[in-house]
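If you want the building blocks of each chain, they are given just below.
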Amino acid sequence: MTDKDAIREQFSAHQIRRVKIGGFDVDGVLRGKYVSPEKFWSIVDGGMGFCDVIFGWDSADVCYEDAKFTGWHTGYPDTPAKIDLDTFRVIPWEPGTAAFILDFEAQDGTPTAVSPRQLLRSVLKRADDMGFAVTAAMEFEFFIYQEEPEELRERGFFRPRPLSPGMFGYSWLRTSQSSGLVHDLLDACDEFGLPIEGFHTETGPGVFEAALRYTNALEAADRAALFKTVVKEICSHRDLMATFMAKPANGLPGCSGHTHQSLQHKDSGASAFFDPNADRGMSQTCRQYLAGQLALLPDIAALLAPNINSYKRLLDGNWAPNAATWGVENRTCAIRYIPGTDKSTRLEHRFPAADTNPHTALAAMIATGLYGIENGLEPQDAVSGNGYTTDAPKIPMSLHAATDALENSATVKEILTPDFIDHYVMSRRWEVLQSEKAVTDWELRRYFELA
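Within any chain, residue numbers begin from 1 and follow the written order of that chain's sequence. Local features in this predicted model are restricted to residues of pLDDT 70 or higher, and side-chain atom pairs are both shown and tallied only at a pLDDT of 80 or more, whereas totals for entire chains, interfaces and linings draw on every residue. Heavy atoms from the whole structure form the basis of all side-chain values; hydrogens and water molecules are not counted.

*Asks:* Explain a negative patch on the surface residue by residue, including any values.
*Replies:* A cluster of like negative charges, contributed by E148, E150, E154 and D239, occupies part of the molecular surface. Strands are runs of DSSP state E lasting at least 2 residues, helices are runs of H or I lasting at least 4, and numbering of each runs from the N terminus. Positionally, D239 belongs in the loop between α7 (217–236) and β10 (241–243). Think of it in three bands: with a 1.4 Å probe and only protein chains considered, a residue is buried below 20% of the maximum accessible area for its type, exposed above 50%, and partly exposed in between. When its relative accessible area of 46% is taken as the criterion, D239 is described as partly exposed. Candidates for patches are residues over 30% relative accessible area with no salt bridge; among them, like charges are joined within 9 Å and nonpolar side chains (Val, Leu, Ile, Met, Phe, Trp, Tyr) within 5 Å. Computed by Shrake-Rupley with a 1.4 Å probe, the accessible areas treat only the displayed protein chains as cover when residues are assessed. Salt bridges, as used here, are contacts in which a Lys or Arg side-chain nitrogen is within 4 Å of a carboxyl oxygen on Asp or Glu. Counting rule applied: Lys, Arg positive; Asp, Glu negative; His and chain ends not counted. Charge positions are represented by NZ for Lys, CZ for Arg, CG for Asp and CD for Glu.

*Asks:* Pulling in residues and values, what's your account of the packing of helix α8 (residues 284–304) against helix α9 (residues 358–374)?
*Replies:* Every axis in this analysis is a line fitted to C-alpha atoms, fitted for helices over the stretch in contact. Angles between the N-to-C directions lie between 0 and 180 degrees. It is at 6 Å that the axes of α8 and α9 come closest, and there the two elements cross at 135°. Between α8 and α9, the angle falls in the class oblique. By crossing handedness, the relation of α8 to α9 is classed as right-handed. Residues T285, Q288, Y289, G292, Q293, L296, I300, L303 and L304 of α8 form the contact with α9, whose own contacting residues are T360, A361, A364, M365, I366, T368, G369, L370, Y371, G372 and I373. Its residues assigned to classes, the contact of α8 with α9 comprises 12 nonpolar, 8 polar and no charged. Roughly parallel refers to an angle under 35 degrees, roughly antiparallel to one over 145, roughly perpendicular to one between 65 and 115, and oblique to any angle outside these ranges. Handedness of a crossing is defined here by the sense of rotation of the near helix relative to the far one, left-handed for an anticlockwise turn of less than a right angle and right-handed for a clockwise turn. By definition, residues are in contact when any of their heavy atoms lie within 4.5 Å. Asp, Glu, Lys and Arg are counted as charged, while Ala, Val, Leu, Ile, Met, Phe, Trp, Tyr, Cys and Pro are counted as nonpolar; the rest, among them Gly, fall into the polar class.

*Asks:* So what about the sheet that holds strand β4 (residues 78–90)? Which residues, and what values?
*Replies:* Each strand in a sheet pairs with its neighbour through backbone hydrogen bonds, running either in the same direction (parallel) or in the opposite one (antiparallel). Within the open sheet, the 5 strands sit side by side as β2-β1-β5-β4-β3. Their pairing is mixed. Edge positions in the open sheet fall to β2 (30–35) and β3 (48–51), since each of these has one partner strand only. Each neighbouring strand pair of the sheet contributes to a mean axis angle of 40°, computed without reference to strand direction. Note: β3 against β4, 4 bridges, orientation antiparallel. Bridge pairing in β4 places C51 opposite D78. Seen against the sheet, α7 touches β1 (18–24), β2, β4 and β5 (97–103) and runs at an angle of roughly 90° to β4. At least two DSSP bridges between two strands are needed for those strands to be called paired.

*Asks:* Report on empty space enclosed by the protein, specifying residues and quantitative values.
*Replies:* Points on a 1 Å grid, built from protein atoms alone, make a cavity when a 1.4 Å probe fits but cannot get out and make a pocket when they are open with protein on both sides within 12 Å along at least 5 of 7 lines; residues with an atom within 4 Å of a point are the lining residues. Grid points are joined across faces, edges and corners, and a volume is the space filled by probe spheres set on the points. The final tally for this structure, using the stated rule, is 1 cavity of 30 Å³ or more. By volume, the largest cavity is sized at about 40 Å³. The wall of the largest cavity is formed by S164, P165, G166, F168, R174, T201, E202, G204, G206 and V207. Class assignment of the residues belonging to the lining of the largest cavity gives a composition of 3 nonpolar, 5 polar and 2 charged.

Laid out in structure tokens, this is it:
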């Protein structure tokens, strides 16, 4: 909805009294504020400045020490931002409030180099130049706990109480027992423009999975990133807490962020992944796209798994891949080929966890797929059995190793924005350093008395 008059009509129809605007930082955190309708329209016409510290600190608001983009050496000035009118939504649980996503760019269209949403835009522009449209959808697993932030923080996040007990995946009973919450979530997402195609419990106490409906890749990333915030907001209204950590508890499966992707020919709208005359309907374009993703998966691991905790999910081989593998309907592989019709044939990337930054992850996955097409790559043979026991190239198993691989990949810097990669590498080095300096509960239990 880019027509200002149409938005004015919607403001009147919904009696909009305030507008919430925000953008996504490097960690995928939505940073924003309220503005008055008058201020909103002035921003629409002339843009605005947003303090660039949101790209100069980590998820805990601690400023990076080695950032080049901004820092004490620049004085943390404003970075230009524009409101993306296509992202208009009304917040159902905040009456009279509209919501929009910011694009960090100047009025002349010059993008902010370290913005994840701009990174995705640049990759989608390349796909468009190649004659492709990209559709995608993400699905998230997440834990819900009977906790409030202040109390849980005071307990050091020790033993949070899950919403429900036991291991009960696909439970008809558990969703019914929590039907008030479940229906609140589904209704809120539907009304907020985040349509959910499927929702069920997953294996683990208080674990749910939501599959968002597919759409164009930019909107898919927006929906995925907004979904995390919406779940947390709706849960908080019931004195509950949700987490999208990759591995929030020992002895339980992690939380995935599986990502479905497909290409269409821009001129005809037909699937570029489906060929009725090919084996299992997999077109040559799909094979090359898959091959690019597999070839560069070890290099982009840090872009898909951004946190220290992300790699805890990968270490036990429990529904999470450890190597650059693919298979036909094989959920033990990093990439699952799902054969179908012209409309349904797609790839499911199973490496990202729920803590992934949707804009960064989609940009990296699509860029590597396009690289495979541009270079005519061919994938290795599909895995027909246990993907955890193959001799395929291994994926880095720590953020430190993954960041090394990203920094040393000339190819990734070529197909993605170099300034973004440099900033991102700096931010992951910082994340590793904070982890290395931390004294954990495990260390205290293991060494306090006996060392």
